[in-house]
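Chain by chain, the residues:
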Amino acid sequence: MKKLVENLSRVQRLINRWLRRMAFLCAVAVCFSSAPGQETSDVREMVQKIEELRSAGKFREAIPIAEQVLKYCEKNYGPEHSETADSLNDLAFLYNSMNDHAKALPLYQRALKIREKALGPDHPYTAISLNNLAEAYRESGDYAKAEPLYKRAIKIWETKLGSKHPNTLSGMSNLALLYQDKGDSAKAEPLYVRVLKVREETLGPDNPQVANSLSNLGTLYYHQGNYAKAEPMDQRALKIYEKAYGAENPHTANVQNNLGAIYLDQGDLVKAELFFKQAFEAREKIFGPNNPATGESINNLAWVYMDAGDYAKAEPLYQRSLKITEQTAGPDHPNTATSLNNLGVLYQMMGDYKKAEPYYQRALKIREKALGPNNPDLVSSIGGLADLYRLEKDYAKAQPLAEHALQLSEKKFGPTHQMTATAYNNLAAIYEGMGEYDKAEPMFQKGLKLFEDKLGPNHYKTGAALDNLGVLYREKGEYKKAESYALRAVEVTEKARGPEHSETATCVNDLAKVYEAMGDKAKADPLRQRATKIREKAKTKSASPQPSPSSSPT
């Protein structure tokens, strides 16, 4: 969404480029044979093909064509011509989209040098190159190099175009995204708010660029776990996009997807499924069945079904999403790692640990190679693998991974984020399994407080944290404390997940264990029976083949 304005500007710039090229062709056609004209016509077709492949997410296929265009520009316009700079930028974008920053960065750097030499260091077009290079550094995690480039680009645009110009505002949004990526919400939020205010004043409250700002703020609040603020931002953005572009538009689908994520994290699976399906149907119709955006929607629908305990419905969707990602981004792309990691989570939840482990390991290997061993984006792979080893009671492998995941989570999200709360819980569970209750208890309590503060007392994650403490106190022999936490866990989870969810069954079964430990068989037996009944019903449901979403939008 942050690239909406930049992409619109890029479309206009591409049009201007080809107007210039067409004028040049008309001029030379008078003096030369038709051969050069034919050659340039071929290049124009190649550029068009690059755009088509890029729109389809087929970056790998577009790269050799972009390399041919760059060679043509270098030969016919010279190595320091503006057309060469544009071609360098286009090729760099493809590499950057594949997370191949090592190849993208020198191309962006060379394009910037050409712009600076041809136009000067303070030209608005030079600022575009600065912004592009900053984007590559940001996406590679090199925030220290990205920040001054963003600031320099913003300063140029402010000076040359004014503080309210679209380019200036887009630069500020990108700088805000940098701070958001760093986990510095205190710097990101005022920038997003400032851009939103200016766009509302200059463009009106119903302009699509206003929706872009609303969506950016919604995403920031979502990552903070502040759903009460995130939801109205995205709801308003959705109304603007639907009015401006209609239901079958990429921007509309993006916001529908964001709303689905908000409801999924809140445990409202009915609303989550509704919005994810709307996004999926729009994307499939716009981009086709094998586009990365369509694959993302398929993946998100799988999350809904997995959270609902309907694993038979989730598995083929995850596999389909993985296939799309491998085909479009390549087998070693971080997006492929995300798909692999999600399958690891699914098989872990199904209790098939041997099947889950290679997915987690392959995902971690890809991310470490692409991002480095200490990148915060490794949290989900490291944390998932740690929890898998915990379930297998391999604590020697689980503990260092869980400790590393907690460090990375605190670095990326901060000490009070729900992801950090999850990391506390996971490490506490390992200490519990090792019998180190004095280490486990304060971590479980810290995780519970964070979930209550960030998500509320009736969220399903809060219920899971309560259940963890109930189990801990039962193992310590503190049965009155165990009963109190276990009762609350059943109440919260049943309300959040429903009476027949697998997590409800877990909480009910854990409460039964408390009463058994207390010698109260009369209370324990019906709870055991209820948990067994829920699980048997879930197994029957999961054993039945379920259809994937229709390939044709309804």
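The rules we used
Residues numbered from 1 in each chain as written. Predicted model: local features only at pLDDT ≥ 70, side-chain atom pairs only at ≥ 80, totals over all residues. Heavy atoms only, no water. Helix = DSSP H or I, 4+ residues; strand = E, 2+ residues; numbered from the N terminus. Expected span 1.5 Å × (residues − 1). Buried < 20%, exposed > 50% of the residue type's maximum accessible area, 1.4 Å probe, protein only. pLDDT = per-residue confidence, 0-100. Contact = heavy atoms within 4.5 Å. Phe/Tyr/Trp six-rings, centres within 6.5 Å; stacked < 30°, edge-to-face > 60°. Lys NZ or Arg CZ within 6 Å of the ring centre and 35° of its normal. Salt bridge = Lys/Arg side-chain N within 4 Å of Asp/Glu carboxyl O.

## Digging into helix H8 (residues 166-182)
1) Next: Here H8 contains 17 residues, and its C-alpha end-to-end distance of 24 Å stays within 8% of the 24 Å for a straight helix at 1.5 Å per residue.
2) Next: Summarising burial for H8: 15 of the 17 residues are buried, a large majority.
3) Next: The first or second residue beyond H8 is Gly183, which carries a positive phi of 85 degrees.

## Notes on the confidence of the model for the protein
1) Next: Looking at the protein as a whole, its pLDDT mean stands at 86, while 90% of the residues score no less than 70.
2) Next: Predicted confidence in the protein is weakest over helix H1 (residues 4-31), with a mean pLDDT of 29, and strongest over helix H7 (residues 143-161), with 96.
3) Next: Long-range and interchain partners of residues 1-38, a stretch whose pLDDT sits below 50, account for 55 contacts in this model, where long-range means more than four residues apart.
4) Next: Per-residue pLDDT stays below 50 along residues 540-554; that stretch engages in 23 contacts with residues further than four places along the chain or on separate chains.

## Observations regarding the packing of aromatic side chains
1) Next: A complete count under the given rule lists 7 aromatic pairs for this structure.
2) Next: For the pair Tyr263 and Phe275, a centre-to-centre distance of 5.6 Å together with 25 degrees between the ring planes defines the contact as stacked. Of this pair, Tyr263 sits in helix H12 (residues 250-265) while Phe275 sits in helix H13 (residues 269-287); the two residues are 12 residues apart in sequence, bridging distant segments of the chain. The pair Tyr263 / Phe275 is uniform in exposure class, with both members buried.
3) Next: Considering the side-chain rings of Trp303 and Tyr318, the 6.2 Å spacing of their centres and the 85 degrees angle between planes classify their relative orientation as edge-to-face. Of the two residues, Trp303 is situated in helix H14 (residues 292-307) and Tyr318 in helix H15 (residues 311-329); the sequence distance between them amounts to 15 residues.
4) Next: By relative accessible area, Trp303 is classed as partly exposed at 24%.
5) Next: It is Arg497 that lies over the ring of Tyr460; its NZ or CZ is 3.6 Å from the centre.

## What about helix H10 (residues 208-224)?
1) Next: The end-to-end C-alpha distance of H10, which contains 17 residues, comes to 24 Å, matching closely the 24 Å that a straight helix rising 1.5 Å per residue would cover.
2) Next: Most of H10 sits inside the fold, with 13 of its 17 residues counted as buried.
3) Next: Positive backbone phi, approximately 80 degrees, marks Gly225, located one or two places after H10.

## A few points about the environment of Ala188
1) Next: Here Ala188 is to be found in helix H9 (residues 185-203).
2) Next: On the basis of relative accessibility, which here comes to 0%, the residue Ala188 falls in the buried class.
3) Next: Each C-alpha atom, one on Ala188 and one on Asn174, is 9.5 Å from the other, the two residues being 14 residues apart in sequence.
4) Next: Those residues in contact with Ala188 that lie beyond four places of it in its chain are Ala176, Tyr179, Gln180 and Leu220.

## Here's the deal with unusual backbone geometry
1) Next: For Lys393, which is not glycine, the phi dihedral falls at a positive 65 degrees.
2) Next: Within the secondary structure, Lys393 sits in the loop between helix H18 (379-391) and helix H19 (395-413).

## Here we look at the pattern of salt bridges
1) Next: Overall, the coordinates contain 34 salt bridges when judged by the stated rule.
2) Next: Of the charged contacts, one joins Glu392 and Lys354 as a salt bridge, the two residues approaching to 4.0 Å between their closest N and O atoms. Taken as a pair, Glu392 in the loop between H18 and H19 and Lys354 in helix H17 (residues 353-371) lie far apart in primary sequence, 38 residues in all.
3) Next: Residue Glu392 is classed as partly exposed on the basis of its relative accessible area, which comes to 27%.
4) Next: One salt bridge in this structure joins Lys480 and Glu483, with 4.0 Å as the shortest N-O distance. You can see Lys480 and its partner Glu483 sitting in helix H23 (residues 479-497), 3 residues apart, about one turn around the helix.
5) Next: With a relative accessible area of 62%, Lys480 lands in the exposed category.
6) Next: Linked by salt bridges that have partners in common, Glu135, Arg138, Glu139 and Asp181 make up one network.

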